[in-house]
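An overview of the molecular structure
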Amino acid sequence: MRVLGIETSCDETGVAIYDTAYPGGDGLLADALYSQIAMHTEYGGVVPELASRDHTRKLLPLVEQVLREAPLTRQDLDGIAYTAGPGLVGALMVGAATAHGMARALDIPVLGVHHMEGHLLAPMLESEPPAFPFVALLVSGGHTQLVAVEGIGRYQLLGESVDDAAGEAFDKAAKMLGLPYPGGPHVARLAEQGDPKRFRFPRPMTDRPGLDFSFSGLKTHTLTAIRELEASGTLDEQARADVARAFEEAVADTLVIKCRRALDQTGLKRIVMAGGVSANTRLRERLAVECKKRNARAYYPRGRFCTDNGAMIAYVGAQRLAAGESDAEGQMQATPRWP
Ligand code: KG4
Ligand code: ZN
């Protein structure tokens, strides 16, 4: 089954074609991405109305591009998958309406998929994908979740953030440090020059049992540290780098401590890390050390599939459409909040 995947939940327009005739990553026939980040950076965050308009402008040209790359014609498609949520409602509707319109015109099935299921299964597109079951740590701008994954559609939530997501915390810390949106990669770059011993930030909720996360206290701690440095006239470039480093260490440590617990609790030896924050090098290093200690293995999507993309949506959609799932005719979904 050849499936066109469409991702428009936030600030990236992603389109891809996945063919279930080939295993794993070989099924990915084409993928294209247009990032709106440069446009939103000017405003310090995503402007929803601008995001929707830009998706409208870019989506069909990207569909044409992936068809040319594959190379296929529209008539070769057997199904269409789109991100139905969670995300910005206007942005989601562009993808949903386009997917349903095309599917109606081509008389093929169409299916709305969950954005986080896309992130969760993105490592399946790599050359050595994880076998089921595994633990997954999903760390994006909107979510921080630990999930036990038994198979496609068989997910058990082990823990999640009770307030800010890890990516959101990175973005807010970046803002405090005067760095552009999205802040994660900028904080990581600044942290490289930082002294890990100068400050020690708290590791929230690691001193009690459980797999939930909380990052809002860490955000306050970061702000207080910056204000104190400012008040004493010592907030120079080195101090900013030291704060970025302390912040990054605290987030990475907190996430890895909970991963270790999740592996212990489930007895599993495979862990997948996905979502934008999984691109973070320090976090990957920490997890690698932890995995080595317990003879476990970590799996990641390639860099460009850590953040939002159409390939992960095409993959999930292809698995589910091939299993017979589809939206009812005319029932397009755009669900901004979807647990
Ligand atoms: O998965 P994603 O592209 O979009 C959502 O579904 O939210 O994740 C975006 C988030 C942003 O908060 C961004 O700052 C963060 O991922 N991020 C990073 C890194 N690259 C992206 N955070 C830390 N280190 C990075 N290298
Ligand atoms: Zn995402």
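Predicted model only: the values in this text are computed from it and were never measured.

**What to know about the coordination of the zinc ion (ligand 2)**
Within the protein, the atoms that donate to the zinc ion (ligand 2) are His-115 (NE2), His-119 (NE2) and Asp-308 (OD), at distances of 2.0 to 2.1 Å. Given four donor atoms and angles of 94 to 136° at the metal, the environment of the zinc ion (ligand 2) is assigned as irregular. In terms of primary sequence, the donors binding the zinc ion (ligand 2) are separated according to H-x3-H-x188-D. In this pair, His-115 and His-119 are both assigned in helix α4 (residues 115-121), four residues apart and thus about one turn of the helix distant. The pair His-115 / His-119 is uniform in exposure class, with both members buried.

**Thoughts on the site of ligand 1**
Taken together, 20 residues are adjacent to ligand 1, and Gly-141, Asp-171, Gly-184, Gly-276 and Asn-280 come closest. Measuring from an oxygen atom of ligand 1, one finds a backbone N or O atom of Gly-167 at 3.1 Å. Burial of ligand 1 by the protein amounts to 87% of the accessible area it has alone, namely 560 Å². Only α4, α5 (166-176) and α6 (183-191) provide two or more residues apiece to the shell around ligand 1. For the shell around ligand 1, the class distribution of residues is six nonpolar, 12 polar and two charged.

**Some words on the packing of aromatic side chains**
According to the stated counting rule, one finds five aromatic pairs in the structure shown. Seen in terms of ring centroids, Tyr-18 and Tyr-315 are 5.1 Å apart; in terms of plane orientation they differ by 85°. Their pairing is edge-to-face. You can see Tyr-18 sitting in strand β2 (residues 12-19) and its partner Tyr-315 sitting in helix α10 (residues 311-322), a full 297 residues away along the chain. Since its relative accessible area comes to 2%, Tyr-18 is described here as buried. Where Phe-213 meets Phe-215, the ring centres are 6.2 Å apart and the plane angle is 15°; that geometry is what we call stacked. The ring of Phe-213 has Lys-258 lying over it, and the distance from NZ or CZ to the ring centre is 5.7 Å. Across from the ring centre of Tyr-300, 4.1 Å away, lies the NZ or CZ of Arg-284, which sits over that ring.

Scoring rules and cut-offs
- Residues numbered from 1 in each chain as written.
- Chains lettered and ligands numbered in written order.
- Predicted model: local features only at pLDDT ≥ 70, side-chain atom pairs only at ≥ 80, totals over all residues.
- Heavy atoms only, no water.
- Donors = N, O, S within 2.8 Å, 3.2 Å for Na, K, Ca; no water.
- Tetrahedral: all angles 85-135°; square planar, octahedral: opposite > 155°, others 65-115°.
- Helix = DSSP H or I, 4+ residues; strand = E, 2+ residues; numbered from the N terminus.
- Buried < 20%, exposed > 50% of the residue type's maximum accessible area, 1.4 Å probe, protein only.
- Near = heavy atom within 4 Å.
- Polar contact = N/O pair within 3.5 Å; in protein donor to acceptor, adjacent residues only side chain to side chain.
- Areas by Shrake-Rupley, 256 points an atom, 1.4 Å probe, with all protein chains shown as cover.
- Nonpolar A, V, L, I, M, F, W, Y, C, P; charged D, E, K, R; others polar.
- Phe/Tyr/Trp six-rings, centres within 6.5 Å; stacked < 30°, edge-to-face > 60°.
- Lys NZ or Arg CZ within 6 Å of the ring centre and 35° of its normal.

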